[in-house]
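Results of the structural survey
Listed below, chain by chain, are the residues.
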Amino acid sequence: EVQLQQSGPELVKPGASMKISCKASGYSFTGYTMNWVKQSHGKNLEWIGLINPYNGGTSYNQKFKGKATLTVDKSSSTAYMELLSLTSEDSAVYYCARRGYERAMDYWGQGTSVTVSS
Amino acid sequence: DIVLTQSPASLAVSLGQRATISCRASQSVSTSSYSYMHWYQQKPGQPPKLLIKYASNLESGVPARFSGSGSGTDFTLNIHPVEEEDTATYYCQHSWEIPPTFGSGTKLEIK
């Protein structure tokens with residue numbers, strides 16, 4: 001069974017950075033690209049970027065360049081997203097989502113809630 | 001970026017009737033072989049769930065009362081007959097180019 005298990009909720013101070021993890025199981029981690037998606041106010045979905053776990057290649061939404069950094073650890077089948085210089089605008093739920101062969105997001109993590117507050 | 005305009009923003013449908021949700025793309029997302037449009041269902045507190053890929057292909061395990069159609073710039077998600085458990089927000093998403101974008105969502109209520 002394919003599963004994407006994300007790290008728990010975070011409360012961080014403005015200006016700080018933080019990293020979210022997404023541990024994959026039930027499939028070949030290096031065989032599928034991983035997407036990251038932001039959901040603000042429980043509604044709007046925005047694509048942040050993707051990473052190819054096989055070679056570490058990345059592609060980012062221009063809006064999130066300098067805000068998010070995507071990495072993977074193949075040895076533990078885990079994808080990471082680091083969020084930098086956080087502001088209140090970064091408060092949201094963040095998802096990892098596997099990119100299927102049809103280029104749809106076929107499996108999603110449960111989401112990680114990030115709250116930026118002093 | 002490709003803009004996806006979903007309509008309506010919300011709708012209420014009686015149990016057993018049909019729900020129809022539209023998604024219009026600001027440019028074509030189809031080739032002669034494939035349409036790079038997908039539909040998701042999201043219930044409160046849960047991640048989105050893939051329902052339909054390539055505009056009309058039902059994802060494994062999704063009930064056959066869900067169907068998708070369309071090509072080019074105009075796409076439709078139909079649910080018939082609707083059931084109580086279909087209460088959710090539905091999103092379209094294209095994967096024609098980077099960045100993929102999502103529609104703004106349609107909230108479905110079952111009367």
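Everything below is about the structure printed above this text.
One structure accompanies this document, and this report is about it.

Thresholds applied
Residues numbered from 1 in each chain as written. Chains lettered and ligands numbered in written order. Predicted model: local features only at pLDDT ≥ 70, side-chain atom pairs only at ≥ 80, totals over all residues. Heavy atoms only, no water. Helix = DSSP H or I, 4+ residues; strand = E, 2+ residues; numbered from the N terminus. Buried < 20%, exposed > 50% of the residue type's maximum accessible area, 1.4 Å probe, protein only. Pairing = 2+ DSSP bridges. Polar contact = N/O pair within 3.5 Å; in protein donor to acceptor, adjacent residues only side chain to side chain. Disulfide = S-S within 2.5 Å. Core = buried A, V, L, I, M, F, W, Y, C linked by side-chain atoms within 4.5 Å. Contact = heavy atoms within 4.5 Å. Buried area = accessible area lost by both parts, 1.4 Å probe. Salt bridge = Lys/Arg side-chain N within 4 Å of Asp/Glu carboxyl O. Nonpolar A, V, L, I, M, F, W, Y, C, P; charged D, E, K, R; others polar. Phe/Tyr/Trp six-rings, centres within 6.5 Å; stacked < 30°, edge-to-face > 60°. Lys NZ or Arg CZ within 6 Å of the ring centre and 35° of its normal.

1. A look at unusual backbone geometry
For the bond from H80 of chain B to P81 of chain B, the omega torsion is -5°, close enough to zero to count as cis. Of note, the amide linkage connecting I98 of chain B to P99 of chain B takes the cis form, showing an omega dihedral of 5°. Looking at the secondary structure, you find P99 of chain B in the loop between β9 (88-94) and β10 (106-110). Unusually for a residue other than glycine, S85 of chain A sits at a positive phi of about 45°. By secondary structure assignment, the location of S85 of chain A is in the loop between β8 (78-83) and β9 (92-99).

2. Details of the pairing of strand β4 (residues 34-40) of chain A
All names here are of chain A. Of all the seven residues making up β4, seven are buried; the element is thus mostly covered by neighbouring parts of the structure. The two faces of β4 match: M34, W36, K38 and S40 on one face and N35, V37 and Q39 on the other face are all buried. Note that β4 and strand β5 (residues 44-51) share seven bridges and pair antiparallel. Bridge pairing links M34 to I51 in β5. Linking β4 back to β5 in an antiparallel pair, the connection comprises three residues, with H41 at a positive phi of about 55°.

3. A few points about the environment of N78 of chain B
Residue and element names in this part refer to chain B. As for its position among the elements, N78 is in strand β8 (residues 74-79). Between the C-alpha atoms of N78 and F66, which are twelve residues apart in sequence, the distance is 5.8 Å. Here the side chain of N78 touches T20 through a polar contact of 2.7 Å, side chain to side chain.

4. Side note on the state of the cysteines
What makes a disulfide is a covalent bond joining the sulfur atoms belonging to two cysteines. Residue and element names in this part refer to chain A. Applying the stated criterion across every chain, the model contains two disulfides over all chains. Covalently, C22 is tied to C96 through a disulfide, its sulfur atoms 2.1 Å apart. Handedness of the C22-C96 disulfide follows from its S-S torsion of about 80°: it is right-handed. A residue pair is termed long-range when its members are at least 10 positions apart, and C22 in strand β3 (residues 18-25) and C96 in strand β9 qualify at 74 residues.

5. Topic: the nonpolar core
Formed by 27 residues in total, the largest nonpolar core has its most connected members in I20, Y27, M34, W36, M81, L83 and Y94 of chain A. Breaking this core down by element, the ones donating at least two residues are β3, β4, β5, β7 (68-73), β8, β9 and β11 (112-116) of chain A. When residues of this core are assigned to their parent elements, the largest contribution, four residues, is made by β3 of chain A. If you look at the next biggest cluster of nonpolar residues, it comprises 25 residues, including M37, I52, C92 and I110 of chain B.

6. A short note on the interface of chain B and chain A
Taken together, the contact between chain B and chain A spans 22 residues of the former and 20 residues of the latter. Surface buried jointly by chain B and chain A totals about 1700 Å² across both partners, of which 60% is contributed by carbon and sulfur atoms. A salt bridge links K53 of chain B to E102 of chain A, with the nearest nitrogen and oxygen atoms 3.3 Å apart. Summed over the shared surface of chain B and chain A, the number is ten residue pairs in polar contact (both at pLDDT 80 or more). When contributions to the side of chain B that touches chain A are tallied by element, the ones reaching two or more residues are β4 (37-42), β5 (49-53) and β9 of chain B. Its residues placed into classes, the side of chain B that touches chain A shows twelve nonpolar, eight polar and two charged.

7. What about the packing of aromatic side chains?
Applying the stated criterion to the full structure yields ten aromatic pairs over all chains. Their ring planes at 35° and their centres at 4.6 Å tell us that Y34 of chain B and Y54 of chain B sit as a pair that is tilted. On the criterion of sequence distance, the pair formed by Y34 of chain B in the loop between β3 (19-25) and β4 and Y54 of chain B in the loop between β5 and β6 (57-58) is long-range, its members being 20 residues apart. Residue Y34 of chain B is classed as partly exposed on the basis of its relative accessible area, which comes to 41%. Ring plane angle 50° and centroid distance 6.2 Å describe the contact between Y40 of chain B and F102 of chain B, whose orientation is recorded as tilted. Of this pair, Y40 of chain B sits in strand β4 while F102 of chain B sits in the loop between β9 and β10, and the two are 62 residues apart along the sequence. Taken together through their ring pairs, the aromatic side chains of Y95 and W108 of chain A together with Y40 and F102 of chain B make up a single cluster. The ring of Y27 of chain A has R98 of chain A sitting right over it, with the charged end atom 4.7 Å from the ring centre. Sitting above the plane of the Y32 of chain A ring, R98 of chain A keeps its charged end 3.7 Å from the centroid.

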